[in-house]
Amino acid sequence: MEHGLNMRLFVQQLFANRIGGFFGLDVLVSAVALIGFVRVESARLKMHTMWLPIISVLLVGVSLGLPLFLYLRERELDRRASAMI
């Protein structure tokens, strides 16, 4: 609150020690891996809602993006299964 949205200070504080650095890299690697998975799987299934989980990862984090993508993917698979019947 004192410094506002200062991304340089945020990154500096995040990587101030080894534990923070490990946490920061873990979150970044998880987010990149999830975005890659969303892109590949969405293209494979020709899903039109690919952008929603990616935006949620960027705005909130992996904890929202992954469950949202899995829900949308399952919904798409169910829709396809019911269309085949």
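For the structure given in this document, a descriptive report is provided here. (Residues numbered from 1 in each chain as written. Predicted model: local features only at pLDDT ≥ 70, side-chain atom pairs only at ≥ 80, totals over all residues. Heavy atoms only, no water.)

Here the focus is the packing of helix α2 (residues 18–45) against helix α3 (residues 51–59). Interaxial distance between α2 and α3 falls to 10 Å at its minimum, and their mutual angle equals 170°. Judged by the inter-axis angle, α2 sits roughly antiparallel to α3. Residues A31, L34, I35, V38 and R39 of α2 form the contact with α3, whose own contacting residues are P53, I54, V57 and L58. The class makeup of the residues in the contact of α2 with α3 is 8 nonpolar, no polar and 1 charged. (Axes fitted to C-alpha atoms, helices over the stretch in contact; angles between N-to-C directions. Helix = DSSP H or I, 4+ residues; strand = E, 2+ residues; numbered from the N terminus. Parallel < 35°, antiparallel > 145°, perpendicular 65-115°, else oblique. Contact = heavy atoms within 4.5 Å. Nonpolar A, V, L, I, M, F, W, Y, C, P; charged D, E, K, R; others polar.)

Below, the discussion takes up the environment of E74. Mapped onto the elements of the fold, E74 is located in helix α4 (residues 62–84). Overall, the relative accessible area of 40% leaves E74 in the partly exposed class. On a C-alpha basis, the gap between E74 and V32 in space is 21 Å, while along the polypeptide they are 42 residues apart. (Buried < 20%, exposed > 50% of the residue type's maximum accessible area, 1.4 Å probe, protein only.)

Glancing now at a nonpolar patch on the surface. A surface patch of nonpolar side chains, amounting to about 740 Å² of accessible area, comprises L5, M7, F10, V11, F15, L25 and L28. Within the residue set of the nonpolar patch, elements represented by two or more residues are α1 (7–14) and α2. The class for M7 is partly exposed, based on a relative accessible area of 47%. (Patch = residues over 30% accessible without salt bridge, like charges linked within 9 Å, V, L, I, M, F, W, Y side chains within 5 Å. Areas by Shrake-Rupley, 256 points an atom, 1.4 Å probe, with all protein chains shown as cover. Salt bridge = Lys/Arg side-chain N within 4 Å of Asp/Glu carboxyl O.)

Here the focus is the nonpolar core. Among soluble globular proteins, nonpolar side chains are generally buried collectively. Grouped together as the largest cluster of nonpolar side chains are 9 residues: A31, L34, V38, L45, M47, I54, V57, F69 and L72. Those elements that place two or more of their residues in this core are α2, α3 and α4. Of the residues forming this core, the biggest block, 4 residues, is contributed by α2. The contacts of V38, once residues within four sequence positions are left out, are M50, P53, I54 and F69. (Core = buried A, V, L, I, M, F, W, Y, C linked by side-chain atoms within 4.5 Å.)

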